[in-house]
Amino acid sequence: MSILADFTVDPGGPLAWLFVGLVAGFLASRVLGGGGYGILGDLVIGLLGGFIGGYLFSSQISSSPNIVGNILVAFLGACILIVVLRFLSPGRRD
């Protein structure tokens, strides 16, 4: 019996959050231009973007466990977060 045989990834679990946050943060940093924030920075921006997007779009987008929908919401939230960060520190250019 293998340990990996019993390993499953919950679509709403922490591993899924990390994946969604990493993808959303990476996409947002690339779409908005600049050098990005590195892997850890993109992950943090994506995770925070997921919270922002979830708060702002909770009534417009269903909360089904659809990974593409989750990435879209986190991406939009991450874009908003990057714009706010750039506004608050105008001298810094990613």
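Higher on the page you've got the structure.
First, a word on scope: everything that follows refers to the structure included in this document. (Residues numbered from 1 in each chain as written. Predicted model: local features only at pLDDT ≥ 70, side-chain atom pairs only at ≥ 80, totals over all residues. Heavy atoms only, no water.)

Let us look at the packing of helix α2 (residues 38–57) against helix α3 (residues 67–88). Relative orientation of the contacting elements α2 and α3 amounts to 110°, with a least axis distance of 6 Å. As far as their axial angle goes, α3 and α2 are roughly perpendicular. Residues I45, G46, L48, G49, G50, I52, G53, G54, L56 and F57 of α2 lie in contact with α3, whose contacting residues are V73, A74, L76, G77, A78, I80, L81, I82 and L85. Taken together, the residues that form the contact of α2 with α3 break down as 13 nonpolar, six polar and no charged. (Axes fitted to C-alpha atoms, helices over the stretch in contact; angles between N-to-C directions. Helix = DSSP H or I, 4+ residues; strand = E, 2+ residues; numbered from the N terminus. Parallel < 35°, antiparallel > 145°, perpendicular 65-115°, else oblique. Contact = heavy atoms within 4.5 Å. Nonpolar A, V, L, I, M, F, W, Y, C, P; charged D, E, K, R; others polar.)

Counted at 1.5 Å a residue, the expected span for α3 with its 22 residues is 32 Å, and the 31 Å between its end C-alpha atoms agrees. Those residues of α3 lying buried are I71, V73, A74, F75, G77, A78, C79, L81, I82 and R86. Summarising the contacts, the buried residues of α3 are in contact with α1 (14–31) and α2. (Expected span 1.5 Å × (residues − 1). Buried < 20%, exposed > 50% of the residue type's maximum accessible area, 1.4 Å probe, protein only.)

A separate point is the nonpolar core. Listed in full, the 11 residues of the largest apolar core are V20, A24, A28, I45, I71, A74, F75, A78, C79, L81 and I82. By residue number, the principal contributor to this core is α3, which donates seven residues. With sequence-adjacent residues up to four places away left out, A78 is seen in contact with A24, A28, I45, G46 and G49. (Core = buried A, V, L, I, M, F, W, Y, C linked by side-chain atoms within 4.5 Å.)

At a minimum axis distance of 8 Å, the contact between α1 and α3 shows a crossing angle of 50°. Our classification of the angle between α1 and α3 gives oblique. Note that α1 runs across α3; the crossing there is right-handed. Here F19, V20, V23, A24, L27, A28, S29 and V31 of α1 lie close against α3, whose contacting residues are I67, N70, I71, A74, F75, A78, C79 and I82. (Left-handed = near helix turned anticlockwise from the far one by under 90°.)

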